[in-house]
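Geometric and topological summary
Chain residues, written in single-letter form:
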Amino acid sequence: MSEAGRVLSWSKEPWHASLAPTLPLDPRLMSQLLQHISTRVAVVDRGLRYVWANAQALAFMGLPESEVIGHHMSEVLDPALYGSFVPIFERLFAGESLHLEGWVDYARQGRRYREQDLVPYVDEAGEVVLVVVCGLDHTEALVSEQQLAEKLAEKQRQLKASEALKAAVFDNALAALVSTDHTGSIVEFNPAAEAMFGWRRADALGRKVGELLIPERHRRTYWNEIPAMLGRRVELEARRADGREFPIEMVMWRTEADGTVFFTASFADLSERYEAARQIERQREALRQGEKLTMMGSLLAGVAHELNNPLAVAMGRALLLQERAADRPDLVLEARRIHDATDRCARIVRTFLNMARSRPADRQPVDLNQVVRGAAEMLGYAYRSSGVDLALALDPALPEFSGDPDQLCQVVLNLLVNAQHAVSMAPAPRVVRVSTASQGQAVWLQVDDSGPGVPPDVAARLFEPFFTTKAEGLGTGLGLSVSRSVAREHGGDLVLGDRSALGGASFRLTLTAPEQAPARLPEPLLPAGDEPACTRVLVVDDESEIGSMVRDMLESGGHEVATAESGAVALALLDHARFDAVLCDLRMPDMDGRALWREIARRHPHLARRVLFTTGDTLSPEAHETLMVSGCASLDKPFTKAELLRRVAGIVG
C-alpha cells in the first residue's frame, strides 16, 4: 500500500525471544556494536515510549538521550508524523511486521527519504512487548542520483539541441556541404549540394565522392592531394549529375568522432565568377580592338589623303582628255577606261572612310543594290584570292528607302566577311550568294553560303555582344550584335534563317521601305546660259598637279583661275588682286586650310563664306571641326568637273 508518498509492506515475521540464538557476546559489547552501526535503531514499548535508541537515531532526531529515552513518541515526533504512526503501531503490537520506504516531511529535518523496518519483538510468553525500529536515510544518495540524472538529461537535451542546430545549419547552408568517411563514402549531402550537383541525397549517400562529383581525369590527383588541401581554398573542376563539368571552390576539413575520421567539404560554384571574368576579358579585348580601330582610322585618314590626291588628278585628267579628244573615239574610250578604273578606286577609298567615320546616322535615300555592289567591290580581291565565288542576284526593281548608307554598308560588309570565313572551312566549291528583293514595304537582303552552317548551341548566342566563333585575335564578337542594332534602328531586323540551299548559313537583313521613296534633292543648277558665269577663282593646293588639274577644269568651265602652292602665296595674291571664290586644300604644310581661312576672314571678310575646301581627309576630327567653325562648303577628292563647277557656282551665287 502507499500512504502520503510512502510505500508500506506488511508481513507476519516478528522477532521471537525463544528463537534468538545464544551468542557468546557481552551485553556491553552488543550495546557498543548497535551504537556504532550506520543504521538508526530505536526500541518502543507497548506504551509507545522509547526504551532505547542508538547514537545514529538520536542524531537524526536532533535530541539528547534524556529527552528521548522514557518519553512518549508524541513528545519526540512531529504531531503529524506521530499521528500517522498510531495506527501503524496498533498493527505492529498485534504481531505484524512492516517495511516502510518513501519521502517524509519532518519539521526539523525537512523532506527526507527514509527506509525503515518495524519489527515486533515477542517474548517467551508469546506476547509482543517491544517494537524495534531500524531505519536508513537515503536522501543524499537519491538527491545526488537525481541531480546526476538531471545533469545527464540536460546534457542529452543540449546534445539534441546541438545536433538539431548543426542539422539546421547543414541543411540550410547556402554552400554545398558534403561529408564522407575515411573511405570516401558520402555520409551527408545537404540540399545546397543537391541543387549544385543535381543528385538527390538518397542517391548520393553511400556513393564514393570521387565517382559521383569529381571528373575521372582528376580523381587520382584529388585523392593524392587531400592532405595538402585540408583547410585551404582550392579551385578545381567538378561534375554534375548530367555529366557537365563546372569550376568550384572547395574548402575541406577533417573531424574525428568516436575514433572514426570524417572529411567535410564546402563547395562554391564559380561558374558565374568565371563567366564574369571572361566577359571582362572580352570587353578589354574589345577596347583594345577599339583602340586599334582608332589608330587605324587615323592612319587611314592620312592614307586616304595621299591616295585621293593622285586619284583626283587621274580622274580629272581623264575627264579633260575625253573633252579634248571628242573627235577621237579611240582616245575617248581609253580616257573613259582610265576614269572608270580611278572612279572604282575612289569608291573603295570612300567606302573605307565612310565605314570608319564616327558621326550620327545620316538618313537619305538609299539604293540597297548599290550598297551591295560597293561592298562586293571592296571585298572582291579577298574573295578571289580565297577561291570563293561571290554571286550577286540583285532585284533591279528594288525601291529606295530612307537610311544611312554608311551604316548599311557596314552591315553588308560584316555579313560578307563572316560568310567568307565560314566557307573557308568547307571544301570547294566555295560559294557566297547575295540576293535582294522587296515585298510590300519590306526590302530584304539575304546572304547564303556553302559553309558548315551554324550549330544550334552557337545559334542561340550568335547575336550576343562579344560572342565569337572565330579564333582569338580574329574577331571581337561585336559584328553581328552591332549589325542587328543597325537593322533595328532602320525599322528592320537581322536574323539567322534555316540552312541555306547552298548547305551553309543563311542570314536575312530586312528593312522597311516607304510607300514612295523620298525624292532626291535637286542638284544646284548652273546659271542660265550656254556658259557658266565668269568668276575669278583662286586655287590653293600644295600639290601642283592638283592645282593644275583644277585650274584646267575651271578654265574649261569659263572661269578665270590663279593658283598658289601655299597659304602665304595665296594671301599675297588676295592682297593684290580681286577674287570671287577661293578653293583651298585642308591639309597643307606650314599654313593649313583652317589657318588660311582665319586670315581670309580677318583680311577679306567678304570672302569668308566663299571658301570651298577640297580634301581627301574627310575622317579627321580637325577637318570636321574646320568645316563646322567656318561654315564653308567642302568637296571630297576625287571629284568630277561637273561637281566642281556646281560647287563653285553655289558659293558665288
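Quantities reported herein were computed from a predicted structural model and do not represent experimental measurements. (Residues numbered from 1 in each chain as written. Predicted model: local features only at pLDDT ≥ 70, side-chain atom pairs only at ≥ 80, totals over all residues. Heavy atoms only, no water.)

Further remarks concern the overall build of the chain. Within the chain one finds 21 helices and 25 strands. Here the analysis covers contacts within the chain between residues at least 6 apart in sequence; of these, 60% occur between residues at least 24 apart. Accessible surface for the chain amounts to roughly 35500 Å². Of this, 55% is attributable to carbon and sulfur atoms. (Helix = DSSP H or I, 4+ residues; strand = E, 2+ residues; numbered from the N terminus. Contact = heavy atoms within 4.5 Å. Areas by Shrake-Rupley, 256 points an atom, 1.4 Å probe, with all protein chains shown as cover.)

Once that is clear, we can look at the sheet that holds strand 22 (residues 560-564). Across a sheet, paired strands are connected by hydrogen bonds in the backbone, their directions being either parallel or antiparallel. The strand order across the open sheet built from five strands is 22-21-23-24-25, with neighbouring strands paired in parallel fashion. The open sheet is flanked by strand 22 and strand 25 (633-636), the only strands paired with a single partner. Neighbour-to-neighbour, the strand axes of the sheet open up by a mean angle of 20 degrees, direction not taken into account. (Pairing = 2+ DSSP bridges. Axes fitted to C-alpha atoms, helices over the stretch in contact; angles between N-to-C directions.)

In a regular helix each residue adds 1.5 Å, so 13 residues correspond to 18 Å; helix 17 (residues 544-556) covers 18 Å between its end C-alpha atoms and thus fits that length. Looking one or two residues past helix 17, Gly 558 carries a phi angle of roughly 95 degrees, positive in sign. (Expected span 1.5 Å × (residues − 1).)

What follows deals with the sheet that holds strand 12 (residues 245-257). Pairing in this open sheet of five strands is antiparallel, and the strands run 10-9-13-12-11 from one edge to the other. Looking at strand neighbours, the two that pair on one side only are strand 10 (186-189) and strand 11 (233-239), the edges of this open sheet. Adjacent strand axes in the sheet meet at a mean angle of 35 degrees, parallel and antiparallel pairs treated alike. Both strand 12 and strand 13 (residues 260-269) contribute to a ladder of ten bridges, which runs antiparallel. The residue of strand 13 that forms the bridge with Ile 248 is Asp 269.

With respect to the element layout, Phe 189 can be found in strand 10. Of the residues examined, Phe 189 reaches a relative accessible area of 0% and is grouped as buried. (Buried < 20%, exposed > 50% of the residue type's maximum accessible area, 1.4 Å probe, protein only.)

On to the pairing of strand 10. As judged from the three bridges shared by strand 9 (residues 176-181) and strand 10, these two strands associate in the antiparallel manner. The partner of Thr 180 across the bridge, within strand 10, is Ile 186. The hairpin turn running from strand 9 into strand 10, its antiparallel successor, is four residues long, and Gly 184 in that turn takes a positive phi close to 90 degrees.

For the structure on display, the rule yields 25 salt bridges. Residue Glu 256 is joined to Arg 254 by a salt bridge in which the shortest nitrogen-to-oxygen separation is 3.9 Å. On the accessibility criterion, Glu 256 (53% relative accessible area) is exposed. On the accessibility criterion, Arg 254 (46% relative accessible area) is partly exposed. Note that Glu 599 is salt-bridged to Arg 602, the shortest N-O span being 2.6 Å. (Salt bridge = Lys/Arg side-chain N within 4 Å of Asp/Glu carboxyl O.)

Moving on: unusual backbone geometry. In this structure, the amide linkage connecting Ala 428 to the following residue, Pro 429, adopts the cis form with an omega of 0 degrees. Examined against the element boundaries, Pro 429 turns out to sit in the loop between helix 14 (405-423) and strand 17 (430-439). In this structure, Leu 48 takes a positive phi of about 60 degrees despite not being glycine. Along the polypeptide, Leu 48 turns up in the loop between strand 4 (40-45) and strand 5 (50-53). Its identity as a non-glycine residue notwithstanding, Asp 590 has a phi of 65 degrees, on the positive side. Assignment of secondary structure puts Asp 590 in the loop between strand 23 (581-585) and helix 19 (593-603). We classify Asp 590 as exposed; its relative accessible area is 86%.

The axes of two packed helices give the description: the angle between them and the distance between them. Contact pair helix 13 (residues 368-385) / helix 14: the axes reach a minimum separation of 9 Å and the direction vectors enclose 35 degrees. The way helix 13 lies across helix 14 gives a crossing that is right-handed. Contacts from Val 371, Val 372, Ala 375, Ala 376, Met 378, Leu 379, Ala 382 and Tyr 383 in helix 13 reach Leu 408, Cys 409, Val 412, Leu 413, Leu 416, Val 417, Ala 419 and Gln 420 in helix 14. Split by residue class, the contact of helix 13 with helix 14 holds 15 nonpolar, one polar and no charged. (Left-handed = near helix turned anticlockwise from the far one by under 90°. Nonpolar A, V, L, I, M, F, W, Y, C, P; charged D, E, K, R; others polar.)

It is worth spelling out the nonpolar core at this point. Nonpolar side chains in soluble globular proteins generally cluster together in the buried interior. One finds Leu 415, Leu 416, Val 432, Leu 445, Val 447, Leu 494 and Phe 507 to be the most contacted residues of the largest nonpolar core, which totals 37 residues. The leading source of residues in this core is helix 14, at nine residues. Among the nonpolar cores identified, the runner-up in size contains 30 residues, and Leu 48, Leu 63, Ile 88 and Leu 100 belong to it. (Core = buried A, V, L, I, M, F, W, Y, C linked by side-chain atoms within 4.5 Å.)

This part is about the side chain of Gln 446. For Gln 446, the location among the structural elements is in strand 18 (residues 442-449). Classification of Gln 446 as buried rests on a relative accessible area of 16%. Among the polar contacts listed, one links the side chain of Gln 446 to the side chain of Asp 448, at a separation of 3.2 Å. With sequence-adjacent residues up to four places away left out, Gln 446 is seen in contact with Arg 433, Val 434, Ser 435, Ser 506, Phe 507 and Arg 508. (Polar contact = N/O pair within 3.5 Å; in protein donor to acceptor, adjacent residues only side chain to side chain.)

On to the packing of aromatic side chains, then. In total, this model carries seven aromatic pairs according to the counting rule given. A ring pair is formed by Phe 189 and Phe 197, whose centres lie 6.4 Å apart and whose planes are at 45 degrees; its orientation type is tilted. Phe 197 carries the same exposure label as Phe 189, and that label is buried. Taking 5.9 Å as the distance between ring centres and 55 degrees as the angle between the ring planes, the aromatic pair formed by Phe 197 and Phe 246 counts as tilted. Here the residue Phe 197 occupies a position in helix 6 (residues 191-197), and Phe 246 occupies one in strand 12, the gap between them amounting to 49 residues. Under the relative-accessibility criterion, Phe 246 is labelled buried at 2%. Joined through ring pairs, the aromatic side chains of Phe 189, Phe 197, Phe 246 and Phe 267 make up one cluster. Directly above the aromatic system of Trp 199 lies the positively charged group of Arg 207, at a separation of 5.2 Å from the ring centroid. The ring of Trp 444 has Arg 508 lying over it, and the distance from NZ or CZ to the ring centre is 3.9 Å. (Phe/Tyr/Trp six-rings, centres within 6.5 Å; stacked < 30°, edge-to-face > 60°. Lys NZ or Arg CZ within 6 Å of the ring centre and 35° of its normal.)

Next up on the list: the pairing of strand 23. Counting buried residues along strand 23, five of its five residues qualify, which places the element largely inside the surrounding structure. Burial of the side chains of strand 23 extends over both faces: Ala 581, Leu 583 and Asp 585 are buried on one face and Val 582 and Cys 584 on the other. Pairing analysis gives four bridges linking strand 23 to strand 24 (residues 611-615), with the strands arranged parallel. By the bridge assignment for strand 24, Leu 583 is matched with Leu 612. Regarding topology, helix 19 serves as the crossover connection from strand 23 to the parallel strand 24, and that connection is right-handed. (Right-handed = clockwise from strand over helix to strand, strands pointing away.)

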